[in-house]
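Results of the structural survey
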There are 2 protein chains.
Amino acid sequence: MSLIPQTVREQVTNQIRIDLLSGRFPAGTMLREIELAERFGVSRGPVRDAFIQLSHEGYLAYQANRGVMVRHPPDPKDREFITSLRLQIETYVIERGLTDKDPDSVQSVEVALERLKEACDAAEPTQVAIRDIEFHQQILLACGGDDLVPTWRQLCSRMLLTYTRLGDYNQAYSEHVAIFEPFRDNDLKKTIAAVRANIK
Amino acid sequence: MSLIPQTVREQVTNQIRIDLLSGRFPAGTMLREIELAERFGVSRGPVRDAFIQLSHEGYLAYQANRGVMVRHPPDPKDREFITSLRLQIETYVIERGLTDKDPDSVQSVEVALERLKEACDAAEPTQVAIRDIEFHQQILLACGGDDLVPTWRQLCSRMLLTYTRLGDYNQAYSEHVAIFEPFRDNDLKKTIAAVRANIK
DNA sequence: ACGATGTATACTGTTAACAATTATCCCCCC
DNA sequence: GGGGGGATAATTGTTAACAGTATACATCGT
């Protein structure tokens, strides 16, 4: 897949995001541009761009002339609230656009599901978390929800920092199969139910 | 205020945001780094940073190797949904943190209210829209909601593009006075009611 | 006349050097 | 011995030059 060469900024952003999710940078750590630039073998520019982007995604906090700090995950009550917002967005977008979806998009979702399966089989927590989100994103895009995706992604980012699905990877996968099948068949009620069961 | 010299990036970002809100750049327009850099008399770097930031705020859409495009405002149904999310966040944060707020923060809110008044008196639509949002943001920060502010801001950005309060500036101001007074006096019920009345 | 192909151009993506700011540490003074 | 002040170092902010990519246009072949 993705024969299209990614831009350096995207690669750097993705790698830092993975490092954040995998706990390589503990909350409260100050990230230095030079250090990361040298590690990736690139200049400070793209690293800087990545910092700005990840700040807006909610992973990092920017402080003028001082750099970025790794944010702390939300406390349980906030997490619950954020989860409810996330669920509302997914429900709204699916209800609105499920039956009007572009046929090609079903395949994109299926690809995302397959990638999730690979991550589950490999039992790599960070990859599972990322593929999980990507699957849901493909669903939203398929239902014409690109307008709300940035907001939704920000909410997910906050949740991912406390992603707790250690162990039962098989269940994680099957829950998404339970979403995909009614989605593919335009069964609105079952799709929503499966999403509600998955996000909690 | 703000005797602290802002960074160039912030100034550029703010100015472009104002231009977007005031309709200087119609939806669908492609923004060019060089053009804006020359207009502000700065290099492309900060303009680029501003583009990334404004993309995440929801104003612009990034296209790899092609630049940024001014996004279209959301359609009425989406706008209604976004409004409900925004209201939920404000309600949640205020309910959670109103009584624990830092005394100093009351003054910040009062300053924001005063600025809003100035904009209303001057009858400048764009400034009213910006001061309006800043007032609400100060409320959220006062109630310890900094964790949710980025998400909230993104939702507001989408709404601002269809900000429609042309004319009744006096009412806009008085609605915010109605929020401030119970906020200052720790009257949770009245504060929430006033917020609900204001956001619609 | 029409389409494919190659070239020119205009833009974004990246880099490295320079400027400005902030943090650190040592010295001096009390 | 403890606290302020100033040189020094480390880091971010900004700039301008260079590289890469996509679009537009002209040219060529049919």
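Residues numbered from 1 in each chain as written. Chains lettered and ligands numbered in written order. Predicted model: local features only at pLDDT ≥ 70, side-chain atom pairs only at ≥ 80, totals over all residues. Heavy atoms only, no water.

A look at the overall build of chain A
Along its length, chain A carries nine helices and three strands. Traced from its N-terminal end to its C-terminal end, chain A shows the element sequence α-β-α-α-β-β-α-α-α-α-α-α. Rg of the C-alpha trace for chain A: 17 Å, near the compact-globule value of 16 Å for 200 residues, within the 12% margin. Across its three principal directions, the C-alpha atoms of chain A cover 50 × 40 × 35 Å. Considering only contacts within chain A whose residues lie at least 6 apart along the sequence, 70% involve residues at least 24 apart. For chain A, the exposed surface amounts to about 9800 Å²; the carbon and sulfur share of it is 51%. (Helix = DSSP H or I, 4+ residues; strand = E, 2+ residues; numbered from the N terminus. Rg over C-alpha atoms; globule rule 2.2 N^0.38 Å. Contact = heavy atoms within 4.5 Å. Areas by Shrake-Rupley, 256 points an atom, 1.4 Å probe, with all protein chains shown as cover.)

Structural notes on the protein's contact with DNA strand C
Of all residues adjacent to DNA strand C, which total 19 residues, the nearest are Thr7, Val8 and Arg66 of chain A together with Arg44 and Arg48 of chain B. Among atoms of DNA strand C positioned within 4 Å of the protein, sugar and phosphate together represent 73%. At 3.3 Å from a phosphate oxygen of DNA strand C is found a main-chain nitrogen or oxygen belonging to asparagine 65 of chain B. Only helix H1 (8-21) and helix H3 (44-57) of chain A together with helix H2 (33-40) and helix H3 (44-57) of chain B provide two or more residues apiece to the surface near DNA strand C. Across the surface near DNA strand C, the residue classes tally to six nonpolar, six polar and seven charged. (Near = heavy atom within 4 Å. Polar contact = N/O pair within 3.5 Å; in protein donor to acceptor, adjacent residues only side chain to side chain. Nonpolar A, V, L, I, M, F, W, Y, C, P; charged D, E, K, R; others polar.)

Here we look at the pairing of strand E2 (residues 60-63) of chain B
Along a regular strand, successive side chains alternate from one face of the sheet to the other. All names here are of chain B. Here E2 pairs with strand E3 (residues 67-70) via four bridges, running antiparallel. Bridging from a neighbouring strand, tyrosine 62 pairs with valine 68 of E3. Linking E2 to E3, which pair antiparallel, is a turn of three residues; within it asparagine 65 sits at a positive phi near 65 degrees. (Pairing = 2+ DSSP bridges.)

A few points about the sheet that holds strand E3 (residues 67-70) of chain A
All names here are of chain A. If you trace the three strands from one edge of the open sheet to the other, you get E1-E3-E2, paired in antiparallel fashion. Looking at the sheet topology across the chains shown, the edges are occupied by strand E1 (30-31) and strand E2 (60-63). Two elements, E1 and E3, share two bridges in a ladder whose sense is antiparallel. In the sheet register, methionine 30 faces E3, and the bridge partner there is methionine 69. Of the strands in this sheet, E1, E2 and E3 are in contact with H3, which crosses E2 at around 115 degrees. (Axes fitted to C-alpha atoms, helices over the stretch in contact; angles between N-to-C directions.)

Looking at the domain arrangement of chain A
Residue and element names in this part refer to chain A. Structurally, chain A comprises domain 1 (8-70) and domain 2 (76-198). For domain 1 versus domain 2, the distance between C-alpha centres works out to 26 Å. Contact with domain 1, which involves eight residues of that partner, is made by eight residues of domain 2. Where domain 1 abuts domain 2, roughly 760 Å² becomes buried across the two surfaces, and 61% of that area is made up of carbon and sulfur atoms. For the pair domain 1 and domain 2, the number of links is three residue pairs in polar contact (both at pLDDT 80 or more). With three residues, H1 is the single largest residue contributor to the side of domain 1 that touches domain 2. (Domains from an automatic or database assignment. Buried area = accessible area lost by both parts, 1.4 Å probe.)

Topic: the packing of helix H4 (residues 76-97) of chain A against helix H7 (residues 149-160) of chain A
For any two helices packed against each other, the geometry is given by the interaxial angle and the distance between the axes. Residue and element names in this part refer to chain A. Between H4 and H7, whose axes approach to 9 Å, the crossing angle comes to 145 degrees. Here H4 runs over H7; the crossing is left-handed. Across the interface between the two elements, Arg79, Ile82, Thr83, Leu85, Arg86, Ile89 and Glu90 from H4 touch Thr151, Trp152, Leu155, Cys156, Arg158 and Met159 from H7. Grouping the constituent residues of the contact of H4 with H7 by class yields seven nonpolar, two polar and four charged. (Left-handed = near helix turned anticlockwise from the far one by under 90°.)

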